[in-house]
2 protein chains.
Amino acid sequence: MNLKSLAQHLGISASTVSRVMAGRGDEFRIAKETQKHILDEAAAMGVRPDELARSLRLQSTRTLGLVIPDISNPFFAALARAVERRARALGYTVLLADSQESDEVEAECIRTLMDRRIDGLILAPVGGDSAHLQPLIASKLPLTQVDRVFTALKTAAVVADNFTGAREAVKRLVKLGHKRIACLQGREDSSVIVERVRGYRAGLSEAGLRFEGKFLVGGEHSQAIAREHTLRLLEMKPRPTAVLALSNQLALGALEAVRERGLIIPEDLSLIAFDEQPWATLLSPPLTTLAQPVEDMGTVSVDRLCELIKRGGKPSRKALTTLPVRLIERASIGTKKKD
Amino acid sequence: MNLKSLAQHLGISASTVSRVMAGRGDEFRIAKETQKHILDEAAAMGVRPDELARSLRLQSTRTLGLVIPDISNPFFAALARAVERRARALGYTVLLADSQESDEVEAECIRTLMDRRIDGLILAPVGGDSAHLQPLIASKLPLTQVDRVFTALKTAAVVADNFTGAREAVKRLVKLGHKRIACLQGREDSSVIVERVRGYRAGLSEAGLRFEGKFLVGGEHSQAIAREHTLRLLEMKPRPTAVLALSNQLALGALEAVRERGLIIPEDLSLIAFDEQPWATLLSPPLTTLAQPVEDMGTVSVDRLCELIKRGGKPSRKALTTLPVRLIERASIGTKKKD
DNA sequence: ATGAAAGCGCTAACAG
DNA sequence: CTGTTAGCGCTTTCAT
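Residues numbered from 1 in each chain as written. Chains lettered and ligands numbered in written order. Predicted model: local features only at pLDDT ≥ 70, side-chain atom pairs only at ≥ 80, totals over all residues. Heavy atoms only, no water.

Caption draft 1: Just the protein's contact with DNA strand C, in detail. Near DNA strand C there are 26 residues, and of these T16 of chain A together with L3, S18, R54 and R57 of chain B occur at the shortest range. Restricting the count to atoms of DNA strand C within 4 Å of the protein gives a sugar and phosphate share of 68%. R19 of chain A places a side-chain nitrogen or oxygen 2.9 Å from a base nitrogen of DNA strand C. Within the side chain of S18 of chain B, a nitrogen or oxygen atom sits 2.4 Å from a phosphate oxygen of DNA strand C. For the surface near DNA strand C, the elements supplying multiple residues, two or more each, are α2 (14–21) and α4 (51–58) of chain A together with α1 (3–10), α2 (14–21) and α4 (51–58) of chain B. Broken down by element, the residue count for the surface near DNA strand C peaks at 4 residues, all from α4 of chain B. In terms of residue class, the surface near DNA strand C is made up of 9 nonpolar, 8 polar and 9 charged. (Near = heavy atom within 4 Å. Polar contact = N/O pair within 3.5 Å; in protein donor to acceptor, adjacent residues only side chain to side chain. Helix = DSSP H or I, 4+ residues; strand = E, 2+ residues; numbered from the N terminus. Nonpolar A, V, L, I, M, F, W, Y, C, P; charged D, E, K, R; others polar.)

Shown next as structure tokens:
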């Protein structure tokens, strides 16, 4: 059932039906009676305009693409939820794609989405290399980067204040007397990690502590790898007395290692982790976290993108939005006891 | 840039270009040379067929809809990931919608997806009432239900063996000497919960224990509500010595309550929870879980749906697929000590 | 105030 | 082997 057959059924033209269904009946001064007639019959027959045909005709799909590296990472799940909700509120549908932490899959996802003629794209890039994003940039598709971003690409971008978050965490640890503070990182080429490591080093340096390369470990967003690196940290002599884990997945790996070695938090090791999670408070002891403003990041990304779409893809002045990170202090950090 | 302009540019017809771009050049015995020419130029100019126009013409979008109640629930996130991955492998794109545990939003999601002319839908219904799904059923859109299902609706369906899982968990607890085993449920009208509660009661009854209504608490998929109900359980005299939590979110609520009351697991209370999670092993003590085959559920849902699409929506014989649940025993359950 | 006709970009039937 | 033509369902001039 489509508009045309409904029109025939009612003995009027498809144009009139189309105008009424688009809510523009008054604008075209179509008889109230006719309007009611059409609307009633459409509802009764369950006729709705074919979005596909509309999109083709209007050259607009009212669909946004969202590409994230891993939907099973709760941070990105929360981000997706926020994006979806805001987009829905603004009348957009979201096409979600999971790039599986792979540049190749990411490029493929973006191609697929572009083939579907999305109106705009929100991209949380895998990181590292941006070469495969060239066609996307060249296409002039309205684009907002979120979380991990390539600042070299001149697009709107929404990020958490990763630098300040990490720096404040380190400063807090220093205040508790820690001098050997290690940092467990993910992919070193992701902007998020770069910023957090920068914050980590700034925190050390502002406290007059020397940065030690051997205390900066990791290099992948994986719990298993994080566990291994933490095990190695714990074997060092003297070993670090505190660890800053740069994501929730990495924190889980660190916790595994600590447990395996039979060490106690915070007596043997203080731990702070990025990403607040429902289970953080239920660990023994509860975990100190750096809560990212993930809801806001999703909402603002959509808003930025929609502005961009309205402006026809012309970039705005204020390209980068930075949202604050909050330190939630719990019992996983304590005064350094032994040395 | 589109096929037509590419055709003009090359001085050949759009049909030929279309056929070559669809990879059917050989089928139409188009000169190898022409083919190469077209493909090269298309690649050089970045021309790709407009999926929108193709879909309209072919009356097929190669898009599947996926509606889940809550993407921020890691179980559904994992499901979405599996669905996305399998669909991609089969050449489909997935439109994901989050119904936010609301029947109204769910109905709205389904309408939006149908307007976009998806080829099929995978639905994890909110539960309870299926009245709002009538239009969907009537539309004959290929449909697979997953996780929560309405068995009254004659559609393909993929579920975990919730009944057996819950029953085995109870039997294990009974074997450890427990006699007062409570059950913390989610929405009682969801099929998943109904089955798990049925398994819980079967487990009790097979052990010769009486089912006690006051030990079956809860009614919402929320950590906060679960906490409150558990607090109430812990106030009972005599109080239960073991709890079966019917989801990961409920388990977190239960853990909150236990901690607040200063009780020790498993000495004061044994706990088993549905859903295996990365943090389960890191709790103190590690949590005994019932691992759902979430990867398989996603994969099989897509496969079932694609079969259905191929068969033109005709339902198959074997409508319901049940996949096994696995009990992962850890230290959160123990012999009943005091009474 | 409403209708007829063209066209969004593509593919398939038919023609040659 | 390749081209011409019609039409998927819609919206929008342009005409009346």
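Caption draft 2: Focus on the environment of Q8 of chain B. With respect to the element layout, Q8 of chain B can be found in helix α1. Residue classification places Q8 of chain B among the exposed residues on the basis of a relative accessible area of 59%. (Buried < 20%, exposed > 50% of the residue type's maximum accessible area, 1.4 Å probe, protein only.)

Caption draft 3: Representation of the nonpolar core in the model. Core analysis: the largest hydrophobic core is formed by 151 residues, its most contacted members being I68 and L244 of chain A together with I68 and L244 of chain B. Those residues in contact with L244 of chain A that sit more than four places away from it in its chain are A166, A169, V170, A182, C183, L184, Y200, I272 and L290 of chain A. Of all hydrophobic cores here, the second largest spans 32 residues; its members include L121 of chain A together with L95, L123 and L153 of chain B. (Core = buried A, V, L, I, M, F, W, Y, C linked by side-chain atoms within 4.5 Å. Contact = heavy atoms within 4.5 Å.)

Caption draft 4: Quick peek at the side chain of D103 of chain B. As for its placement among the helices and strands, D103 of chain B is situated in helix α6 (residues 103–115). Here D103 of chain B is buried and forms no salt bridge, its nearest opposite-charge partner R187 of chain B lying at an N-O distance of 5.2 Å. (Lys, Arg positive; Asp, Glu negative; His and termini not counted. Salt bridge = Lys/Arg side-chain N within 4 Å of Asp/Glu carboxyl O.)

Caption draft 5: Representation of the protein's contact with DNA strand D in the model. In the vicinity of DNA strand D there are 26 residues, among which S18, R54 and R57 of chain A together with S15 and R29 of chain B approach most closely. At the protein interface, 67% of the atoms of DNA strand D within 4 Å belong to sugar or phosphate. S15 of chain A places a polar side-chain atom, nitrogen or oxygen, 3.1 Å from a base oxygen of DNA strand D. Here a phosphate oxygen of DNA strand D sits 3.3 Å away from a polar atom, N or O, in the side chain of Q59 of chain B. Of all the secondary-structure elements, those providing two or more residues to the surface near DNA strand D are α1 (3–10), α2 and α4 of chain A together with α2 and α4 of chain B.

Caption draft 6: Highlighting the pairing of strand β2 (residues 93–98) of chain A. All names here are of chain A. Across the 6 residues of β2, 6 count as buried, placing the element largely inside the fold. Where burial is concerned, the two faces of β2 agree: the one with T93, L95 and A97 and the one with V94, L96 and D98 are both buried. Inspection of the sheet shows strand β1 (residues 63–68) paired to β2 by 6 bridges, in the parallel sense. Residue L64 lies in a different strand from β2, and its bridge partner there is V94. Taken together, β1, helix α5 (residues 74–89) and β2 form a β-α-β motif whose crossover is right-handed. (Pairing = 2+ DSSP bridges. Right-handed = clockwise from strand over helix to strand, strands pointing away.)

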